[in-house]
Amino acid sequence: MARLHLFDLDGTLLHGTTAPVEISRQLGLEAETVALDRAIGAGLIGPPEYAAQVYDLWAGLTETHVTAAFEAAPWLTRIREVWAEIRSAGEYCAVVSLSPSFFVERLLEWGAHATHGSRFPAVPFTEPVDPAGALSAAAKVTIADRLCAEFGVARAECVAYGDSSSDKELFAVVPVSVAVNADGHLAGLATHSYTGRDLWDAYELVAGLS
């Protein structure tokens, strides 16, 4: 049976940063968003509160800002090559992230079969954000199951790639996982661990497994 590779974004495909920080950098609001990242990481706020607060910070956000953030972000190398290899093997790859959907969806152009992020209105904002659309760690499992049904893949054939506490619940329910530049939250949970800047090297840890 084909496998489904599930990739986190912040701290995983992006090295040492998050999509909201990179977006906010374009607005001169990096420090404010780093503080929000620390707050959600420490459990002081939840995804709905985080979404509401970054939405307020991004009142002046334009598509030009988002494009600049995406293009300047510190991506791991060979992401597109890994996804092309997964596709050529008849397998599937998806990105599931707590970051805004309008950023995550850009990875479809790099070869992901599917992307899921926290629901935000289109940029520039003319509608309010719905905090209920903010994804959580538990939502990653729900989305993974939905993708399994869509692609005809069993949960037992999933591989998860992540770096932090938002990936713990997904790592706990799939048989193979790769901790990528991970923090202590995933210690002892991952099947494999990778530290570096090249996604191909992380993928090679599981490429030969079936």
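Report on the accompanying structure. Everything numeric in this text was worked out from a predicted model, so none of it was measured.

Here's the deal with the sheet that holds strand S3 (residues 114-118)
Read from one edge of the open sheet, 6 strands run S3-S2-S1-S4-S5-S6, paired in parallel fashion. Either end of the sheet is taken by a strand with one partner, and the two such strands are S3 and strand S6 (192-194). Taking each pair of neighbouring strands and ignoring which way they run, the sheet shows an average axis angle of 20°. Of the pairings in the sheet, the one linking strand S1 (residues 4-7) to strand S4 (residues 158-162) comprises 4 bridges and is parallel in character. Counterpart to Leu-4 in the pairing with S4 is Cys-158. Helix H8 (residues 137-151) contacts S1, strand S2 (92-100), S3 and S4 of the sheet and is inclined by roughly 150° relative to S2.

A short note on the pairing of S4
A large share of S4 lies buried, amounting to 5 of its 5 residues. Judged by which residues are buried, S4 turns out to be covered on both faces: Cys-158, Ala-160 and Gly-162 on one side and Val-159 and Tyr-161 on the other are all buried. Direction of pairing for S4 relative to strand S5 (residues 176-180): parallel, over a ladder of 4 bridges. Of the residues in S5, the one forming a bridge with Val-159 is Val-176. On the question of chirality, the crossover connecting S4 to the parallel S5 by way of helix H9 (residues 168-173) is right-handed.

What counts, and where the lines are drawn
- Residues numbered from 1 in each chain as written.
- Predicted model: local features only at pLDDT ≥ 70, side-chain atom pairs only at ≥ 80, totals over all residues.
- Heavy atoms only, no water.
- Pairing = 2+ DSSP bridges.
- Helix = DSSP H or I, 4+ residues; strand = E, 2+ residues; numbered from the N terminus.
- Axes fitted to C-alpha atoms, helices over the stretch in contact; angles between N-to-C directions.
- Contact = heavy atoms within 4.5 Å.
- Buried < 20%, exposed > 50% of the residue type's maximum accessible area, 1.4 Å probe, protein only.
- Right-handed = clockwise from strand over helix to strand, strands pointing away.

Bear in mind that shape data such as this cannot, by itself, settle questions of function.
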